[in-house]
2 protein chains.
Amino acid sequence: MKKVIFIVGDGMADRPCREYEFKTPLEVADRSNLDYLAKKSVTGIVDIISPGIPPGTDYAHLAIFGYDPKKYYIGRGPLEALGVGLTLKPDDVAFRINFATVNDNLVVIDRRAGMIEDTEELVKEIHGMTINGVEVIAKKGTAYRGALILRGKGLSHEITDIEAKPGNRINFSKPLAKNDEAKFTADLLNKLFLEIHNKLKNHSLNLKREKEGKYPANAILVRGAGKYKPVDKKFNEKWKMKALCIAGVGLIKGIARYVGMDILTPEGATGTLDTDMMVKARACIENLDRYDFIFVHVKAMDVASHKGDFEKKVEVIERFDEMIGYIASNVEDAVIVVTADHTTPIEAKDHRGDPVPIMIYASNIRVDDVDKFTERACARGGLCRIRGLDIMPIIADLLNLTKKHGA
Amino acid sequence: MKKVIFIVGDGMADRPCREYEFKTPLEVADRSNLDYLAKKSVTGIVDIISPGIPPGTDYAHLAIFGYDPKKYYIGRGPLEALGVGLTLKPDDVAFRINFATVNDNLVVIDRRAGMIEDTEELVKEIHGMTINGVEVIAKKGTAYRGALILRGKGLSHEITDIEAKPGNRINFSKPLAKNDEAKFTADLLNKLFLEIHNKLKNHSLNLKREKEGKYPANAILVRGAGKYKPVDKKFNEKWKMKALCIAGVGLIKGIARYVGMDILTPEGATGTLDTDMMVKARACIENLDRYDFIFVHVKAMDVASHKGDFEKKVEVIERFDEMIGYIASNVEDAVIVVTADHTTPIEAKDHRGDPVPIMIYASNIRVDDVDKFTERACARGGLCRIRGLDIMPIIADLLNLTKKHGA
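All figures in this text were calculated on a predicted structure; none of them were measured in a lab. (Residues numbered from 1 in each chain as written. Chains lettered and ligands numbered in written order. Predicted model: local features only at pLDDT ≥ 70, side-chain atom pairs only at ≥ 80, totals over all residues. Heavy atoms only, no water.)

Colleague: Residue-level account of the relation of the copies chain B and chain A, with values.
Modeller: Take chain B, turn it by 124 degrees, move it 0.3 Å along the axis, and it overlays chain A with an RMSD of 0.1 Å. Such a combination of rotation and displacement between the chain copies is what one expects of a three-fold axis. If distances are taken from each C-alpha of chain B to the rotation axis, the shortest is found for B:C384, at 3.6 Å. Little of the interface of chain B is mirrored in chain A, where only 8% of its interface residues again form contacts. (Least-squares fit on C-alpha atoms with pLDDT ≥ 70 in both. Contact = heavy atoms within 4.5 Å.)

Colleague: Give me the lowdown on helix α11 (residues 277–286) of chain A, citing residues and values where you can.
Modeller: Residues and elements named next belong to chain A. Most of α11 is tucked away, with seven of its ten residues classed as buried. Among the residues of α11, those classed as buried are M277, V279, K280, A281, A283, C284 and I285. Tucked into the core, α11 has its buried residues touching β1 (4–9), β9 (243–246), β10 (262–264), β11 (293–298), α12 (300–306) and α13 (310–329). (Buried < 20%, exposed > 50% of the residue type's maximum accessible area, 1.4 Å probe, protein only. Helix = DSSP H or I, 4+ residues; strand = E, 2+ residues; numbered from the N terminus.)

Colleague: So what about the environment of B:F373? Which residues, and what values?
Modeller: Within the element layout of this structure, B:F373 appears in the loop between β13 (356–361) and α14 (375–378). It is 17 Å that separates the C-alpha atoms of B:F373 and B:P345, two residues lying 28 residues apart in sequence.

Colleague: So what's going on with the sheet that holds strand β12 (residues 335–339) of chain A? Which residues, and what values?
Modeller: Residue and element names in this part refer to chain A. Pairing is mixed in the open sheet, where eight strands are placed in the order β10-β9-β11-β1-β12-β13-β2-β14. This sheet does not close on itself; its edge strands, each paired only once, are β10 and β14 (385–387). Direction aside, the axes of adjacent strands within the sheet are offset by 25 degrees on average. On top of the sheet, helix α15 (residues 391–398) reaches β1, β2 (41–47), β11, β12, β13 (356–361) and β14; it is set at about 155 degrees to β1, its chief contact. (Pairing = 2+ DSSP bridges. Axes fitted to C-alpha atoms, helices over the stretch in contact; angles between N-to-C directions.)

Colleague: Which residues make up a positive patch on the surface, and what values do they have?
Modeller: Side chains of A:K70, A:R387, B:K70 and B:R387 sit close together on the surface and give a patch of like positive charge. The residue B:K70 is located in helix α4 (residues 69–72) in this model. (Patch = residues over 30% accessible without salt bridge, like charges linked within 9 Å, V, L, I, M, F, W, Y side chains within 5 Å. Areas by Shrake-Rupley, 256 points an atom, 1.4 Å probe, with all protein chains shown as cover. Salt bridge = Lys/Arg side-chain N within 4 Å of Asp/Glu carboxyl O. Lys, Arg positive; Asp, Glu negative; His and termini not counted. Charge placed at Lys NZ, Arg CZ, Asp CG, Glu CD.)

Colleague: Now, about the pairing of strand β9 (residues 243–246) of chain B: what can you tell me, with residues and values included?
Modeller: The two faces of the sheet receive side chains in turn, since in a regular strand these alternate between them. Residue and element names in this part refer to chain B. Alternating residues of β9 divide into A243 and C245 and L244 and I246, and every residue in both groups is buried. Examined bridge by bridge, β9 and strand β11 (residues 293–298) share four bridges and lie parallel to one another. Opposite C245, over in β11, you have F295 as the bridge partner. Of the pairings in the sheet, the one linking β9 to strand β10 (residues 262–264) comprises three bridges and is parallel in character. Looking across to β10, one finds that C245 is bridged to I263.

Colleague: Talk me through the environment of B:V259; I want residue IDs and the actual numbers.
Modeller: Residues and elements named next belong to chain B. Relative to the helices and strands, V259 is located in the loop between α10 (250–258) and β10. Counting along the chain gives 21 residues from V259 to K238, while the straight-line C-alpha distance between them is 9.7 Å. Contact partners of V259, with chain neighbours within four places excluded, come to L62, F65, Y67, V231, K234 and F235.

Colleague: Break down the sheet that holds β13(B) for me, with residues and values.
Modeller: Residues and elements named next belong to chain B. Spatial ordering of the open sheet is given by β10-β9-β11-β1-β12-β13-β2-β14, a layout of eight strands whose pairing is mixed. Two strands in the sheet have a free side with no partner beyond their single neighbour: β10 and β14 (385–387). Taken over all neighbouring pairs, the strand axes of this sheet differ in orientation by 25 degrees on average, direction set aside. Packed on one face of the sheet, α10 meets β9, β10 and β11 and runs near 155 degrees to β10.

Colleague: Run through the pattern of salt bridges, naming residues and quoting values.
Modeller: One side chain can pair with another of opposite charge once the charged atoms of both are near each other. Throughout the structure, instances matching the rule amount to 45 salt bridges over all chains. Measuring nitrogen to oxygen at the nearest pair gives 3.3 Å for the salt bridge that ties A:D302 to A:K299. With its nearest N and O atoms 2.8 Å apart, the salt bridge here joins B:D92 to B:R151. Separated by 59 residues along the polypeptide, B:D92 in the loop between α5 (76–83) and β3 (93–102) and B:R151 in strand β7 (residues 145–151) bring together distant segments of the chain. Each member of the salt-bridge network shares a partner with another, and the members are A:R15, A:E347, A:D354 and B:D397.

Colleague: I'd like a description of a negative patch on the surface, backed by residues and values.
Modeller: Negative charge collects at one region of the surface, where A:E117, A:D118, A:E120 and A:E121 lie side by side. Judged by relative accessible area, A:E117 falls into the exposed class, the value being 52%.

Colleague: Lay out the interface of chain B and chain A with the relevant residues and their values.
Modeller: Across the boundary between the two partners, chain B contributes 25 residues, which contact 34 residues of chain A. For the pair chain B and chain A, the two sides together bury roughly 2,300 Å², of which 48% comes from carbon and sulfur. Of all residues in chain B, the largest losses of buried area upon contact with chain A belong to B:R366, B:H405 and B:A407, amounting jointly to 32% of the total for that side. Counting across the chain B and chain A interface gives three salt bridges. Here A:R380 makes a salt bridge to B:D369, at a shortest N to O gap of 3.3 Å. At the level of secondary structure, the elements contributing two or more residues to the side of chain B that touches chain A comprise β14 and α15 (391–398) of chain B. (Buried area = accessible area lost by both parts, 1.4 Å probe.)

Now the structure itself:
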């Protein structure tokens, strides 16, 4: 069976920028390899959800993997927890957490506790706690970030975050649903917040940080409550392909684990602007004999867009182009898909609902006339305008893995 | 925030006509301004509902305004009632009425009572009646037309019209549903019909008309029963834009009121072939500082199509083109959308399900290569093929008013 390499440039699509002759970063960038592949591909544009609807990265990737996000989106917390490597059980309620600095009146001084990195000892204080009979599981993420799981009976995810802007007192969690479970969980989370604060404020690491003039990591902000529910069919079973996800970003790894892919983060893949895309390219080629489907994710374009940095976005797209070149020249007769998970216009510094370009290279594809991989060129492509949920069925069908409806 | 000007040419799209070298009226017309705007826009074609499905004007406009007509279509009666300025309450059952002429055996002599215009006194006889405890509200529309509301308990809209072709005896209303409400309402409406006939046949106005050799307006035809239910979110709240509708046609004004737009009918906007489109253009520009979203509706193309008059349709499209020119040259950095609500082919003299052309002008839009605003040219545009319900999300997203799904 042919191998599939599916490559996503996160937030790579854009809108024309007045300051750059009304071109997009993708239009301005040197795309030698992308364009070379486009010439041999069928191209098109994709509404990852539907026209005009901007998806978050997590929501978008579920659609890209062929899982309807309306049904399968379980919230940011569980996906982050999966991304840091925690194992979830059905009905676990999970959150993403930040270590933060608060004063004695619970006013937030710094939302990231001075960008603390070494939180291992602090996480140990939290992990394994029990509160009202509910088990607390915690794990460190990158830098000041982490994930938290509540495991027990009668829990709800319909509660608000524990959050505040700097200079404001903490907003405690409140139930969003009018039921006992939501009230129980919000109360429990607030109690846990206070117990953690009490533990951390006198922790030796924090006393040491204070002596050094650093912000102590004496509290956690708790966000993105979601209840875990496994997908009914893992990716391998649903699409009949053994899948590997190569990514640096925790959230993407979380989604990939959620749908049952194996995960690989090669050394140097950071999930941000300085990521080494070529190590991903090499990891992709090296793993081709062990997998049927390799998903390669690059976050850097989205990071540049959120900063509003057009030229940086052009630069990372050109590195992305090199990565594509390496991959395309090192495979024989594979299916190669290149697309984006959403448009992140430089002008908006956030996700927007414009369609994204896509190309599908395969030896048996209906190659069209489009010879550029850009937002506008692909809009004239042979795929016309499709939806995010259409992509996986199209790929599976090219590989003759689909099942006929009817007789 | 940028302003949005949304312009609909009712029934403007067409099919190629054998007698005109297989061109459509839009292809034959001088479109200098439309084409100029098309060059700077993204274009495409729209299935207002879905391919091959012809919508009525009311049904189509719900989709265009972003309200799924499957859910929100409440029937012609309530929309006409709103259009003549009546205020509806939830569960009111409303109808459109015609004054008509019947003989003593209730055979229809003239469906429009000799095109009577001065029905104010007759409407007064109907408005305020009470029948079986149900309140009757009536208001004059244009010429022989009007609207009727039944307000009370236990009413149903699942009943047939009171109608007949000329030379036939009136068909009384029958229940369409097998429940007490439908039977009660049909019986009540029939009783009302007879009471009104008895009142009108001896009315001085009608006796005078008979003396003058005119048809007396001695009965009403009652059509389009619908039960009013307000939309769950008004346009302003749903799309975060304060909206004005500029239209001459009652039905369009009814739909606009139903979704909560303000309404303006400038002097000279008649909703038919002789309408003054330039007063609409000026009204649009004059109101731009008070509104975020201005909807401009022109009915004339549809009227020409229903008459099967190709050359008249070309002429009104050319006046529409002038209107577009005035609007486009009097705004700075607005979003301008031009489309049609359905195809009304000259050959069919009725609505058909062919897609309609669309163009969206905005400074941050992905301008395509299309330089003509016609059915066929727009089919090669950068929007490809979208649905009526996609239009409003695309506009809201261009203005950065959409909410991200997921994180």
